[in-house]
Each structure stands twice: as structure tokens, then as C-alpha cells.
Amino acid sequence: SFTLGVARFLNLPAFVVNGVGVRYTDYISDLAAITTFRTFSNSEEGLKASGGQRVNLSDEELSDQVLNRLASNVIVAQAAKKFELTVSDDEVAGLVSELLKQFQTEVNVNSELLKRYGWDLPAYKVKVMRPYLLQKKVGEAIAADPAARAKIRQSADAVLKELKDGADFATLAKKYGQDGTAEQGGELGWFKRGDMVPQFE
């Protein structure tokens, strides 16, 4: 708590990405949220909601996920600026309406979010919804950009060549992976028939 107080007072960064400091207080807040999510997910109620799927991540793995997400948010924000992309309040309201379909009222939504993450709806909009929508827009912009697609294809082909030359998949996943499975060597865990889109299944 002393470190957090000093970091808050001095506005200290946890790390710097592309010249942008990511605040230590944001790291602590997100780490608390993902730790709360792990606890909820492994509770009887959480297991029932997820069909029995546990979250078996260590404290270190949770910390790595938070650091990765915060760094990704900076990179996405910089790319969004380059492509002149923003997220509107109406787009956020669209995601909120999906939550309302599931939980009926804003009171219920707040209750569920507090239980699962320790965040209320306004915090969830800032921490999750806006970054998610911005990342989606950036992804679409990159997919529509021939030069960016060519660069991604070149990188993917280089990794594929390493695999064909006998490199270990898990090692390459840890080295090049860009999602939450990288630390687990690309391991996705178990899922039921019908959980994934047909092409992936």
C-alpha cells in the first residue's frame, strides 16, 4: 500500500512502451481485477457459468497477462491515431445493451461486474469496452491495408518455415504469440464441441 501510495502521488510508470508510460496504479488496478476474475471463475458460481472451466493461472501468469494487455493498449492507441480511428459513445452503448440483454438491468450489470472484476459499469467501459472496440477497429484497418497485410504474412511465413524446419511449436508460441496463450506455449485448454466456430473446431 505504501508503494501504491507513492506511485499514485508521483504518477510513476510501471513501464514504458514506445515512449508512453503505463502507470503503476493502472497495473495494480488491472491486476486486482484479473485476480478477482480468477477467484470468481474458480468458485462454484463461476464454474457453473463457464461450464466447469477453471482458470489455472499462477500469480506470475496473471501479472504477465496484465502487462501484455496494458502494453497492447498503448500500441493499439498509437495505431488508432495513425489510422485516425476513435470509439464513439454510441458504440460503447451498443456493448452495454448486450450486457443488459443478458442481465436485464443496469443494477444487475453492476452487481455482476463487481463480483467478477471488482469494477462497476463506468470503470468497465473505460478499462474493457473502449479498448476492445478500438482494437477491433485497428484490426479491421490493418486487414484493409495491403502493406500491413503483407508484413503480417511475411512474419507468419517466417514462423511457419521455422516450424517446418523442426522448431518446437510451444517455443515459437512463447516467442511470437500475441494473445493470452503465449505463456502456455499456445496451449488453448479444453473446450466443448460447439464452443468454437466450425472452421476452428
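Conventions used here
Residues numbered from 1 in each chain as written. Predicted model: local features only at pLDDT ≥ 70, side-chain atom pairs only at ≥ 80, totals over all residues. Heavy atoms only, no water. Helix = DSSP H or I, 4+ residues; strand = E, 2+ residues; numbered from the N terminus. Buried < 20%, exposed > 50% of the residue type's maximum accessible area, 1.4 Å probe, protein only. Contact = heavy atoms within 4.5 Å. Areas by Shrake-Rupley, 256 points an atom, 1.4 Å probe, with all protein chains shown as cover. Lys, Arg positive; Asp, Glu negative; His and termini not counted. Charge placed at Lys NZ, Arg CZ, Asp CG, Glu CD. Phe/Tyr/Trp six-rings, centres within 6.5 Å; stacked < 30°, edge-to-face > 60°. Expected span 1.5 Å × (residues − 1). Bend = angle between axes of the 7 residues up to and from the residue. Polar contact = N/O pair within 3.5 Å; in protein donor to acceptor, adjacent residues only side chain to side chain. Axes fitted to C-alpha atoms, helices over the stretch in contact; angles between N-to-C directions. Parallel < 35°, antiparallel > 145°, perpendicular 65-115°, else oblique. Left-handed = near helix turned anticlockwise from the far one by under 90°. Nonpolar A, V, L, I, M, F, W, Y, C, P; charged D, E, K, R; others polar.

Trainee: Is there a simple way to think about the overall build of the protein in this case?
Mentor: Along its length, the protein carries nine helices and two strands. Starting at the N terminus, the α and β elements of the protein follow one another as α-β-β-α-α-α-α-α-α-α-α. The buried share among the 201 residues of the protein stands at 26%. Contacts in the protein between residues far apart in sequence, at least 24 positions, make up 53% of those at least 6 positions apart. Accessible area for the protein stands at about 13700 Å²; split by element, carbon and sulfur atoms hold 56% of it. Within the protein, one finds 25 positive and 27 negative side-chain charges whose respective centroids are separated by 2 Å.

Trainee: I'm lost on the packing of aromatic side chains in this one. Help?
Mentor: Aromatic ring pairs are defined here through the distance separating the ring centres and the angle between the ring planes. Applying the stated rule across the entire model yields four aromatic pairs. Ring geometry for tyrosine 24 versus tyrosine 27: centroids 6.0 Å apart, planes at 40 degrees, classification tilted. A residue pair is termed a helical-turn pair when its members lie 3 or 4 positions apart in one helix, as tyrosine 24 and tyrosine 27 do in helix H2 (residues 24-41) at three residues. Of the residues examined, tyrosine 27 reaches a relative accessible area of 13% and is grouped as buried. Ring geometry for phenylalanine 37 against tyrosine 117: centres 5.4 Å apart, planes inclined by 5 degrees, an arrangement best described as stacked. Of this pair, phenylalanine 37 sits in helix H2 while tyrosine 117 sits in the loop between helix H6 (106-116) and helix H7 (121-143), placing them 80 residues apart in sequence. Cluster of aromatic residues (ring-pair linked, three or more members): Phe37, Tyr117, Trp119 and Tyr124.

Trainee: Whenever I open this one, H7 confuses me. Can you help?
Mentor: It helps to recall that an α-helix has 3.6 residues per turn; residues three or four apart then point in one direction. The end-to-end C-alpha separation of H7 is 31 Å, in line with the 33 Å expected for 23 residues at 1.5 Å each. Within H7, the axis deviates most sharply at methionine 129, by approximately 30 degrees, and proline proline 131 lies no more than four positions further along. Of the positions making up H7, those classed as buried are Leu121, Tyr124, Lys127, Met129, Pro131, Leu133, Leu134, Val138 and Ala141. Packed against the buried residues of H7 are H2, helix H4 (59-83), helix H5 (89-103) and H6. Put simply, aspartate 120 is the residue that caps the front of H7, since its side-chain oxygen is 3.0 Å from the backbone nitrogen of alanine 123.

Trainee: Explanation requested: the packing of H4 against H7 in the structure shown.
Mentor: Each pair of packed helices can be described by the angle between their axes along with the distance between the axes. Close contact between H4 and H7 brings their axes to 9 Å; oriented N to C, the two are set at 55 degrees. Judged by the angle between their axes, H4 and H7 are oblique. Relative to H7, the crossing made by H4 is left-handed. Contacts between H4 and H7 involve Arg69, Ser72, Asn73, Val76, Ala77, Ala79, Ala80 and Phe83 on the former and, on the latter, Lys127, Pro131, Leu134, Gln135, Val138, Ala141 and Ile142. A class-by-class count of the residues in the contact of H4 with H7 yields 10 nonpolar, three polar and two charged.

Trainee: Help me understand the packing of H5 against H7, please; the structure alone is not making it clear to me.
Mentor: Where H5 meets H7, the axes come as close as 10 Å, and the angle between the chain directions of the two elements is 115 degrees. As summarised for this structure, H5 and H7 are arranged roughly perpendicular, according to the angle between their axes. For the pair H5 and H7, the sense of crossing is right-handed. Of the residues in H7, those touching H5 at Asp89, Glu91, Val92, Leu95, Val96 and Leu99 are Leu121, Tyr124, Lys125, Met129, Arg130, Tyr132, Leu133 and Lys137. Residue classes in the contact of H5 with H7 are distributed as nine nonpolar, no polar and five charged.

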